[in-house]
Amino acid sequence: MKLYYLGPKGTFSYLAAKQYKSESEMDFEAKSNLYEVVQAVSNDDNSIAVVPIENSIEGTINIVADALTQQNIFAQGELHLDIQFALYGSQSATVNDISKVYSIAPAISQTSQYIQKQGFTYDYVDSTIKSLEKITNHVGAIAPLGSGEAYGYSPIEENIQDFPHNVTRFLVVSNQPSSIEDVEDASDTLLLITPQFDKPGLLASILNTFVLFNINLSWIESRPLKTQLGMYHFFVQADTPINEDLAKVIKILNTLDFQVSIIGSFNKLS
């Protein structure tokens, strides 16, 4: 069975995938961008993918959120990964030798205070691991802590992220919904709620319906419906399995002119 992830080896997606399954258990296959990851798993019945959905600093990963509305993929699990960055450079290089760094945009953003403090200029690459290819005597790479060693580099400085509690939430997805037996003891259910009409109090109606049944929501996110300006989907992650109360919530929302789709019911894996 294949496991797709945003590669190459050493990325945070790779580290999250290894947290879920070992390479001896599944056939890991790297893709060059998240769109390719989503396309691959949606077209492959014998596969799963590990994709980032939310970072505690940067917020929602929009390309993945949109894929959940547009592609035939379902959530099978959730895991969390601590995000730790390091500055990598050439052998024997020090911080004082570095004048420029490369990384992906979120990594640059999440280490911006460190970059400014050191007076580095910066530029972007397609993945944190590709930044290692840019290393010279005066050019460094900002990459996941522990990733550069596999490519022959040692960290110049560790834990350079701006915030100590930096965590990314990943979803395990496939193109098959979970069976009823698999979700009986689930801790969470992820829903996509789509209004049929624009009217006052849309979000309040959704929230109040969950309140009626004392169901806590751990994630609420809106994404453009892409049909007209001002119309949105709402992602809602509820701390409950699919049960009688949740079924009542869905029925009430249907009567209030919302379309409700279950993206997945699953357990947090970390």
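Residues numbered from 1 in each chain as written. Predicted model: local features only at pLDDT ≥ 70, side-chain atom pairs only at ≥ 80, totals over all residues. Heavy atoms only, no water.

- As annotated in an unreviewed UniProt entry, the protein carries the name Prephenate dehydratase and is attributed to Staphylococcus equorum.
- Its UniProt record gives the protein a comment under Catalytic activity (unreviewed entry), which states: "prephenate + H(+) = 3-phenylpyruvate + CO2 + H2O".
- Check the Pathway (unreviewed entry) section of the UniProt entry for the protein; it says "Amino-acid biosynthesis; L-phenylalanine biosynthesis; phenylpyruvate from prephenate: step 1/1." (UniProt positions renumbered as here; feature names shortened; annotations may be inferred.)

## Some points on the UniProt feature "domain: ACT" (unreviewed entry) in the protein
Okay, step 1: The sites that carry the UniProt feature "domain: ACT" (unreviewed entry) are, in the present numbering, residues 191-265.
Okay, step 2: Secondary structure across residues 191-265 comprises 31% helix and 37% strand; the distance between its end C-alpha atoms is 9 Å. (Helix = DSSP H or I, 4+ residues; strand = E, 2+ residues; numbered from the N terminus.)

## Regarding the pattern of salt bridges
Okay, step 1: Applying the stated rule across the entire model yields 10 salt bridges.
Okay, step 2: Between Glu29 and Lys31 there is a salt bridge; the shortest N-O distance is 3.3 Å.
Okay, step 3: Owing to a relative accessible area of 22%, Lys31 belongs among the partly exposed residues under this scheme.
Okay, step 4: We note a salt bridge from Lys226 to Asp66, for which the minimum N-O separation is 3.6 Å. Residue Lys226 is found in the loop between strand 13 (217-224) and strand 14 (232-238), and its partner Asp66 is found in helix 3 (residues 62-70); the two are separated by 160 residues along the sequence.
Okay, step 5: You can call Lys226 exposed: its relative accessible area is 52%.
Okay, step 6: Using a relative accessible area of 12% as the deciding quantity, one classes Asp66 as buried.
Okay, step 7: Beyond isolated ion pairs, a larger network of salt bridges with shared partners links Lys2, Glu29 and Lys31. (Salt bridge = Lys/Arg side-chain N within 4 Å of Asp/Glu carboxyl O. Buried < 20%, exposed > 50% of the residue type's maximum accessible area, 1.4 Å probe, protein only.)

## A word on the packing of aromatic side chains
Okay, step 1: Per the stated rule, a full pass over the model turns up 7 aromatic pairs.
Okay, step 2: For the ring pair Tyr5 and Tyr14, a centre distance of 5.5 Å and an interplane angle of 50° mean the geometry is tilted. The same class applies to Tyr5 as to Tyr14, namely buried.
Okay, step 3: Ring geometry for Phe12 and Phe85: centres 5.2 Å apart, planes at 85°, overall edge-to-face. Taken together, the positions of Phe12 in helix 1 (residues 12-20) and Phe85 in strand 6 (residues 85-88) put the pair 73 residues apart, joining distant regions of the chain.
Okay, step 4: Clustering of aromatic rings is evident, with ring pairs tying together Tyr5, Tyr14 and Phe28. (Phe/Tyr/Trp six-rings, centres within 6.5 Å; stacked < 30°, edge-to-face > 60°.)

## Observations regarding the sheet that holds strand 12 (residues 188-195)
Okay, step 1: Overall, antiparallel pairing links the 4 strands, which are arranged 13-14-12-15 in an open sheet. Each of the sheet's edge strands pairs with one partner strand only, and the pair in question is strand 13 and strand 15 (258-266). The average undirected angle you get between the axes of adjacent strands in this sheet is 15°.
Okay, step 2: Of the pairings in the sheet, the one linking strand 12 to strand 15 comprises 8 bridges and is antiparallel in character. When the sheet's bridge partners are listed, Pro195 is paired in strand 15 with Phe258.
Okay, step 3: In the packing of helix 6 (residues 202-212) onto the sheet, contacts are made with strand 12, strand 13, strand 14 and strand 15, and the angle to strand 14 comes to roughly 20°. (Pairing = 2+ DSSP bridges. Axes fitted to C-alpha atoms, helices over the stretch in contact; angles between N-to-C directions. Contact = heavy atoms within 4.5 Å.)

## Thoughts on the sheet that holds strand 6
Okay, step 1: In spatial order, the strands read 8-7-9-6-10; together these 5 strands make up an open sheet with mixed pairing. Either end of the sheet is taken by a strand with one partner, and the two such strands are strand 8 (121-124) and strand 10 (155-158). With strand direction ignored, the average angle separating the axes of adjacent strands in the sheet is 30°.
Okay, step 2: For strand 7 (residues 100-103) and strand 9 (residues 139-144), the ladder comprises 3 bridges, and the chain directions are parallel. Bridge pairing in strand 9 links Val101 to Gly140.

## Details of the UniProt feature "domain: Prephenate dehydratase" (unreviewed entry) in the protein
Okay, step 1: The positions UniProt marks with the feature "domain: Prephenate dehydratase" (unreviewed entry) are residues 2-175.
Okay, step 2: Across residues 2-175, helical content stands at 23% and strand content at 34%; the span's end C-alpha atoms are separated by 13 Å.

## Observations regarding unusual backbone geometry
Okay, step 1: Note that the residue after Gly7, namely Pro8, is joined by a cis bond; omega there is 5°.
Okay, step 2: Within the secondary structure, Pro8 is located in the loop between strand 1 (2-6) and helix 1.
Okay, step 3: Positive phi, close to 70°, is recorded for Ser92, a residue that is not glycine.
Okay, step 4: Take Ser92: it is sitting in the loop between strand 6 and strand 7.
Okay, step 5: Phi angles above zero are rare outside glycine, and Asn214 is one such case at about 55°.
Okay, step 6: Mapped onto the elements, Asn214 comes out in the loop between helix 6 and strand 13.
Okay, step 7: We classify Asn214 as exposed; its relative accessible area is 72%.

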